[in-house]
Structure formats: C-alpha cells, structure tokens
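Fold and geometry: a report
Here are the chains, one letter per residue:
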Amino acid sequence: MSDEVRVWIEHNLCTGDGLCVQYAPDVFEFDDAGVAHVKSEPEGPLLTEVGASANVPASLRLDVIDAADGCPGNCIHVARIADGVEIAGPDA
Ligand code: SF4
C-alpha cells in the first residue's frame, strides 16, 4: 500500500506556537492572525478553508508526523491517502 499522506489542521484548536512551521515550513505557514494553515507547495497559497488538506511530499512526511506528534493544540491530522487511516494526530 502506498504510504503517501495528506495533512490538515483543526484551526480552532491552534495555539499559534509555531512548532509545525518550524518543523515543516514548506507545508505549514501562519496567516496574518497567527493561525497555522497547510499549503500544497512551498510557495503556494495557504489553504484556509475548514478541513482543507494538502498532500505531503515523501521527503517531508516524517517532519509532518513529528509536527503532529508535538503539536500543543493536538490539532494536526495526518492520514494515509490510500485508505484514509490517520497515522498521526488526535485520531491516530
Ligand atoms: S503546532 Fe499545532 S498548535 Fe502549534 S501552530 Fe502548528 S497547528 Fe497550531
């Protein structure tokens, strides 16, 4: 089974501490209000809609999982694309 993953943030739980942005700045970025969002490409737009997810490049998968494991808001979800099973975050 492919281990490609996608990631999304429950924005209402984000504390704005910035751990995810430090771990994987090509995937996570703050908006002007200091809330983290995902993006599909390093220079791409922030995906600010509720539940919006971004596919994670294989090279960044471990960084994204580490961010989810350390997220103080426990609000980063990482799921396998193949079967939807969450492998990191509050529902893993
Ligand atoms: S690590 Fe979690 S709580 Fe912290 S900025 Fe990222 S999404 Fe928000």
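The following paragraphs examine the structure supplied in this document. (Residues numbered from 1 in each chain as written. Predicted model: local features only at pLDDT ≥ 70, side-chain atom pairs only at ≥ 80, totals over all residues. Heavy atoms only, no water.)

Here's the deal with the pairing of strand S1 (residues 5-9)
Quick reminder of the rule: Only protein chains enter the accessibility calculation, which uses a 1.4 Å probe; a residue whose area is less than 20% of its type maximum is buried, one above 50% is exposed, and one in between is partly exposed. Under the DSSP-based scheme used, a helix requires at least four consecutive residues in state H or I and a strand at least two consecutive residues in state E, with every element numbered from the N terminus. Here, strands pair whenever DSSP counts at least two bridges between them.
With four of its five residues buried, S1 lies for the most part within the structure. The pairing of S1 with strand S4 (residues 53-56) spans four bridges and is classified as antiparallel. Looking at S4, one finds that Trp-8 is bridged to Ser-53. Relative to strand S5 (residues 76-80), S1 runs antiparallel, the two sharing five bridges. Pairing of Ile-9 across the sheet is with Ile-76, part of S5.

Things to note about the side chain of His-37
Convention followed: We define a polar contact as two N or O atoms separated by no more than 3.5 Å, with the added condition that, inside protein, one atom must be a possible hydrogen donor and the other a possible acceptor, whereas residues neighbouring each other in sequence contribute only through side-chain atom pairs. Residues count as neighbours in contact if any of their non-hydrogen atoms are within 4.5 Å of one another.
You can see His-37 is positioned in strand S3 (residues 36-38). Under the relative-accessibility criterion, His-37 is labelled buried at 4%. Here the side chain of His-37 touches His-11 through a polar contact of 3.0 Å, side chain to side chain. When near neighbours in sequence (up to four residues on either side) are disregarded, His-37 contacts Ile-9, His-11, Val-27, Phe-28, Glu-29, Asp-31, Leu-46, Leu-47 and Thr-48.

Just distances and angles here, no functional claims.
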